[in-house]
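# Per-entry structural report
The primary structure of each chain is shown beneath.
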Amino acid sequence: MYPLSLTLKGFRGIRDGLGMDVLTLDLERLAGDAELVALAGANGRGKSTLLDNLHPFLTMPSRASAAGAGGFSYYDHVCLPEAEKDLLWLHAGRRYRSQVVIRSNGRRATDAFLFEAADEGRWRPVQLPDGTVSDGKTGTYVRCVEHLLGSAETFFTSAFSAQGKRQLSSYQNGEIKTLLADLLGQEEIRNEGKKAGQVADLLKAGLASVRQQQATLDEQIGRLDGEWQRLEEAPMRMAELAGILKAAQSTLEAARERLAQQRAAREQARGTETVRGRMSSERAVLIRSGKEAIEAIATQKKSQQQRLERLEQRVATRRTQRASRMQALARQRQQCDAVLAHEVGVSRSIHRLAVAEAVAAAHGERVRAAREQVQALARCDNALEAAGVRAQTIEREAGQAALRAEDLARRFGLTREVPCAGTGLQGQCKLLGDAREAQALMPSAQGAIRRLADDRAATRRQEEALTAQRRALEHGPQALAWAEWRESVARGRTEQYGRLAERAGELRQARLRREEIEGELAGLQVGGESAKDETPEEIAERSDIAQILEALAAQQTQQAKHYRQSLDRLDIALAALPPAFDEQRLEAAQRAVVDAQATAAEAERAHLQAVRDVEARSALDRQLRERRCERQQLAAHTARVEAQLGSWNLLAKCLSNDGVIALAIDDAGPALAGLANDLLLACYGPRFTVSLLTQLETRKGEQREGFAIEVHDGESGQSKRVEQMSGGERVWVNECLVRAVALYLAQNSGRCYGTLFSDEADGALDPARKRMFMGMKREVLRLGGYVREIFISQTPELTALADAVIDLDGIATAAVPWAAKVTE
């Protein structure tokens with residue numbers, strides 16, 4: 001795989017590093033035939049973004065969080081709604097074009113196309129031998145690329161050293177075996193092993209189904225065997241039930257004969273029963289008519305009793321109403337007496353109300369006078385406070401005036417001390433001029449001091465007058481509180497007298513109502529002197545009711561006597577008739593027939609069930625023979641499937657990473673180690689030699705499949721794992737191993753990618769080792785037949801050793817959209 005040109009549109013790393021949305025890198029023009037090509041520039045210019053896209057695989061290895069399909073997403077590294085990657089590359093003498101379009105406006109989507117240059121120069125979609133065509137789907141694109149270049153894991157392990165790439169020493173056993181199997185061309189063997197494993201899985205599933213059928217058959221055989229055991233005595237039980245059925249049928253015939261005899265006896269007794277029935281009917285009619293007559297008399301007696309009860313109820317109701325009314329009037333009289341009990345207090349309140357109102361008015365005047373005195377005290381306090389403030393202001397102004405007078409006196413006193421006084425220079429002396437100005441201002445300052453002294457004296461006189469006035473008024477709040485309390489007491493007394501005086505009308509109404517109540521009570525007491533409280537009409541009604549009740553009692557006695565005589569006559573005639581037919585004997589005979597029928601039916605059902613059990617036992621014999629035959633066939637089939645499963649499991653194990661592939665890897669280990677040692681010897685000297693261990697010793701001293709890299713140090717004579725080496729030494733050994741993998745891949749599998757890639761793999765090396773590192777690059781290109789290696793290094797010395805340098809710093813500073821500096 002040999003990249004020719006790359007165009008990136010909308011990639012975040014290019015926009016952030018170079019400020020460009022579209023960048024085209026023409027390697028044919030910029031690098032020419034150079035073997036070592038360096039991408040140079042400051043950090044953040046987008047070098048890794050360019051290098052990560054100089055291959056056709058759908059990933060950016062330095063940005064991938066994990067290997068595989070879910071470890072990378074283009075959407076996190078593009079900044080336009082539609083980003084694009086366009087890569088032209090050469091492989092096996094043919095030109096290919098990879099176009100990847102990443103859409104992130106709304107619904108995310110990625111289209112990937114792989115084209116091949118036809119003989120006539122046109123681009124056509126790549127088509128695989130199995131008919132797969134690159135149709136824009138990422139799945140078909142990946143299949144086409146891997147058909148041409150192999151797996152992405154192998155490519156990025158052997159030909160591409162990305163930033164943060166896992167070292168071979170950190171690979172797990174399964175991962176390194178998968179990688180080496182791909183290097184050795186063992187993928188087809190592993191696929192065959194997978195197919196064998198799939199066949200084994202299918203056989204396991206089928207075996208589980210067969211075993212489930214066998215368990216079902218065992219269950220059916222057990223159930224059928226249990227049923228057969230239950231029906232084992234069916235023939236003997238059928239013979240016994242046949243005898244029981246015959247006896248039950250004989251008993252039924254005898255019961256039917258007895259029932260016929262009882263029916264004939266009942267027919268003979270029907271004439272006598274007709275006479276008895278007629279006389280019984282007459283007796284029933286007599287009883288019914290007697291009851292009706294007695295009930296009619298009882299109804300009349302009940303009606304008269306109800307009439308008497310209503311009379312008694314009217315009298316009792318009248319008595320109750322009169323007693324209730326007298327109690328109500330008594331309660332009203334007590335209420336009137338309670339109101340009249342305040343008559344003396346109301347009269348006294350009416351006489352004292354005017355005096356109480358006058359006293360309350362006088363106390364109100366005293367409260368107003370005391371309130372005015374309190375207000376005058378407040379005004380006096382405010383005036384005293386204002387006078388104090390004014391006195392403080394005067395004191396402050398007097399101090400300032402005194403200080404000013406002293407300053408003026410000091411300035412004026414300089415006229416005696418200045419040496420130019422009295423000379424020709426005194427007109428030009430500023431000090432003498434200032435002193436004369438102070439002399440002119442001194443009278444006004446002294447006048448201000450005298451004025452302020454007069455104001456202070458006036459203020460003091462005002463404060464003394466206000467203080468004397470305040471002493472005269474200082475008892476005002478106590479006087480106001482006392483006056484307000486006495487006013488409240490007087491007003492409360494006045495209100496109390498007013499409320500009592502208002503009840504004079506209530507007293508008059510209570511007196512009138514009490515007189516009415518006394519009159520009504522007297523009338524009720526006179527009307528209630530009668531013993532029974534009955535009117536003449538009610539007395540007459542009571543007498544009438546008593547006469548009617550006596551007549552009804554006599555009639556009831558006569559009717560009962562007549563009824564008893566007729567009933568005795570009919571009873572004597574009925575007793576003279578022959579005894580009636582006993583229906584219980586007929587019913588007993590009928591029950592005997594029913595019981596015999598039930599017994600015979602039950603015996604017949606039991607005999608029929610026994611016959612069916614015998615037939616079922618014969619059917620169970622046939623089913624048991626059939627199920628046991630099926631179980632034998634399934635057991636033989638299970639044995640055949642288990643034998644096949646063992647063979648396929650063994651084949652899958654042999655064709656897996658731990659089988660033939662492990663043997664091939666064991667054979668390839670020395671070759672890989674030899675290539676790595678050749679690189680170490682050619683580039684770094686004879687100090688380190690590498691050996692690849694595919695069999696590791698456990699704690700028990702046993703050998704197991706594994707993978708480890710052991711390094712022998714020629715200077716110290718010790719061997720240790722690569723994980724125990726220093727960081728620079730580990731990078732050194734790991735890069736030699738990676739390039740040895742690439743060389744082995746090119747020499748043994750015929751798969752040569754043509755171009756190698758490396759991104760800042762020399763960071764942990766010292767300057768001397770870095771120069772050796774560049775020598776190793778050229779040695780790998782020579783041994784493996786590679787055309788070019790494109791690398792990134794932050795070491796200027798290594799960049800200068802490259803055959804061509806593409807300087808990305810020139811892009812950011814150039815005036816044209818694209819500029820690149822090439823040094824050969």
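Being a predicted model, the structure only gives us computed values, none of them experimental.

Reading the values: the criteria
Residues numbered from 1 in each chain as written. Predicted model: local features only at pLDDT ≥ 70, side-chain atom pairs only at ≥ 80, totals over all residues. Heavy atoms only, no water. Helix = DSSP H or I, 4+ residues; strand = E, 2+ residues; numbered from the N terminus. Buried < 20%, exposed > 50% of the residue type's maximum accessible area, 1.4 Å probe, protein only. Contact = heavy atoms within 4.5 Å. Areas by Shrake-Rupley, 256 points an atom, 1.4 Å probe, with all protein chains shown as cover. Expected span 1.5 Å × (residues − 1). Arc of directions from axis to C-beta. Phe/Tyr/Trp six-rings, centres within 6.5 Å; stacked < 30°, edge-to-face > 60°. Salt bridge = Lys/Arg side-chain N within 4 Å of Asp/Glu carboxyl O. Pairing = 2+ DSSP bridges. Core = buried A, V, L, I, M, F, W, Y, C linked by side-chain atoms within 4.5 Å. Polar contact = N/O pair within 3.5 Å; in protein donor to acceptor, adjacent residues only side chain to side chain. Axes fitted to C-alpha atoms, helices over the stretch in contact; angles between N-to-C directions. Parallel < 35°, antiparallel > 145°, perpendicular 65-115°, else oblique. Left-handed = near helix turned anticlockwise from the far one by under 90°. Nonpolar A, V, L, I, M, F, W, Y, C, P; charged D, E, K, R; others polar. pLDDT = per-residue confidence, 0-100. Patch = residues over 30% accessible without salt bridge, like charges linked within 9 Å, V, L, I, M, F, W, Y side chains within 5 Å.

## Let's talk about the overall build of the chain
Looking only at helices and strands, the chain features 20 helices and 15 strands. A total of 824 residues make up the chain; the buried ones form 36% of that total. Excluding contacts between residues fewer than 6 apart, the proportion of contacts in the chain whose partners are at least 24 apart in sequence is 73%. On the chain, roughly 46900 Å² of surface is accessible, and the fraction owed to carbon and sulfur atoms is 51%.

## A word on helix H4 (residues 138–149)
Look at H4: 16 Å from first C-alpha to last across 12 residues, which is about the 16 Å you get at 1.5 Å a residue. Within the span of H4, buried status applies to Thr140, Tyr141, Cys144, Val145, Leu148 and Leu149. Summarising the axial view, the buried residues of H4 lie within an arc of 150°, below the 170-degree limit, and thus occupy one face. Against strand S4 (82–91), strand S5 (94–103) and strand S6 (109–117) lie the buried residues of H4.

## Here's the deal with helix H12 (residues 476–501)
For H12, which comprises 26 residues, the first-to-last C-alpha distance of 37 Å matches the rise-based estimate of 38 Å (1.5 Å per residue) to within 8%. Within H12 the residues assigned to the buried category are Gly476, Leu480, Ala483, Glu487, Ala490, Thr494, Tyr497, Gly498 and Ala501.

## Digging into the packing of aromatic side chains
Within the structure shown, the criterion is met by 9 aromatic pairs. Between Phe11 and Tyr74, the aromatic rings sit 6.3 Å apart at their centres with planes inclined by 90°, giving edge-to-face as the arrangement. Taken together, the positions of Phe11 in the loop between strand S1 (2–9) and helix H1 (12–18) and Tyr74 in the loop between helix H3 (47–52) and S4 put the pair 63 residues apart, joining distant regions of the chain. Grouping residues by exposure puts Phe11 and Tyr74 together as buried. Ring geometry for Phe72 versus Tyr74: centroids 5.0 Å apart, planes at 80°, classification edge-to-face. Of the aromatic side chains, those joined through ring pairs into one cluster are Phe57, Phe155, Phe160 and Phe757.

## Section: the pattern of salt bridges
Going through the model one piece at a time under the given rule, you end up with 16 salt bridges. Of the charged contacts, one joins Arg256 and Glu253 as a salt bridge, the two residues approaching to 3.6 Å between their closest N and O atoms. With a gap of 3 residues between them, Arg256 and Glu253 both fall in helix H8 (residues 234–268), about one helical turn apart. Overall, Arg256 belongs to the partly exposed group, its relative accessible area being 38%. The partner of Asp455 in a salt bridge is Arg451, and the shortest N-O contact between them spans 3.8 Å. Taken together, the positions of Asp455 and Arg451, both in helix H11 (residues 430–473) and 4 residues apart, correspond to about one turn of that helix. Classification of Asp455 as partly exposed rests on a relative accessible area of 32%. When salt bridges with common partners are traced through the structure, they connect Glu82, Arg103 and Asp111 into a single cluster.

## Regarding the pairing of strand S3 (residues 36–40)
Among the 5 residues of S3, 5 are classified as buried, and the element is accordingly described as predominantly covered. Of the two faces of S3, the one holding Leu36, Ala38 and Ala40 and the one holding Val37 and Leu39 are both buried throughout. Here S3 runs beside strand S13 (residues 788–792); their pairing, made up of 4 bridges, is parallel. Residue Val37 lies in a different strand from S13, and its bridge partner there is Ile790. Pairing analysis gives 4 bridges linking S3 to strand S14 (residues 804–807), with the strands arranged parallel. Paired with Leu39 across the two strands is Ile806, which belongs to S14.

## Considerations on the pairing of S5
Inspection of the sheet shows S4 paired to S5 by 10 bridges, in the antiparallel sense. In the strand pairing of S5, Glu84 is matched with Val101. Linking S4 back to S5 in an antiparallel pair, the connection comprises 2 residues, with Ala92 at a positive phi of about 55°. For S5 and S6, the ladder comprises 8 bridges, and the chain directions are antiparallel.

## Considering the nonpolar core
If you look at soluble globular proteins, the nonpolar side chains tend to sit buried side by side. In terms of nonpolar packing, the biggest core is built from 83 residues, with Leu50, Leu114 and Phe155 touching the most fellow members. For this core, the leading source of residues is helix H17 (residues 727–748), giving 8 residues. Sequence-distant contacts of Leu114, defined by excluding residues within four places in its chain, comprise Trp89, Tyr96, Arg97, Ser98, Arg124, Pro125, Val126, Ser134, Tyr141, Cys144, Val145 and Leu148. Judged by nonpolar contacts, the second largest core, of 11 residues, contains Leu252, Ala255, Val593 and Ala600.

## Considerations on the side chain of Thr459
Of note, Thr459 is situated in helix H11. Residue classification places Thr459 among the buried positions, given a relative accessible area of 3%. Of note is the side chain of Thr459, whose polar atom sits 2.8 Å from the backbone oxygen of Asp455. Residue contacts for Thr459: discarding those within four places in its chain leaves Ala387, Arg390, Ala391 and Ile394.

## Things to note about the packing of helix H9 (residues 270–340) against helix H14 (residues 536–576)
When two helices pack together, their arrangement is given by the angle between the helix axes and by the axis-to-axis distance. For the pair H9 and H14, interaxial distance at closest approach is 10 Å and the crossing angle is 165°. The orientation of H9 relative to H14 falls into the category roughly antiparallel. The two elements H9 and H14 cross, and the hand of that crossing is left-handed. A per-class count over the contact of H9 with H14 returns 18 nonpolar, 9 polar and 13 charged.

## Structural notes on the environment of Asp26
Along the chain, Asp26 turns up in strand S2 (residues 22–26). In sequence terms Asp26 and Leu4 are 22 residues apart; their C-alpha atoms lie 6.6 Å from each other. Asp26 has contacts with Leu4 and Ser5, leaving out every residue within four places of it along the chain.

## Let's talk about the confidence of the model for the chain
Predicted confidence across the chain gives a mean pLDDT of 77, with 81% of residues reaching 70 or more. This stretch, residues 814–824, has a pLDDT under 50; its non-local contacts, to residues over four places away or in other chains, come to 26 contacts.

## Quick word on the sheet that holds S5
Taken in spatial order, the 6 strands of this open sheet run S2-S1-S4-S5-S6-S7, and their pairing is antiparallel. Single-partner strands in this sheet number two, and they are S2 and strand S7 (123–125). Adjacent strand axes in the sheet meet at a mean angle of 20°, parallel and antiparallel pairs treated alike. Helix-sheet contacts for H4 involve S4, S5 and S6, and the interaxial angle to S6 is about 40°.

## Examining the side chain of Thr49
Following the sequence through the fold, Thr49 ends up in helix H3. The residues touching Thr49, leaving out its near neighbours within four places in the chain, are Leu8, Phe11, Gly13, Ile14, Met60 and Arg63.

## Here we look at unusual backbone geometry
Keep in mind that most residues, glycine aside, have a negative phi and that most peptide bonds are trans. A positive phi is found at Ala92, a non-glycine position, where the angle reads about 55°. Residue Ala92 is classed as exposed on the basis of its relative accessible area of 75%.

## Focus on the environment of Val741
Tracing the backbone shows Val741 in helix H17. Placed 69 residues apart in sequence, Val741 and Leu672 show a C-alpha to C-alpha distance of 6.6 Å.

## A look at a nonpolar patch on the surface
Taken together, the side chains of Trp482, Trp485 and Val489 present a nonpolar region at the surface, about 340 Å² in accessible area. Within the secondary structure, Trp482 sits in helix H12.

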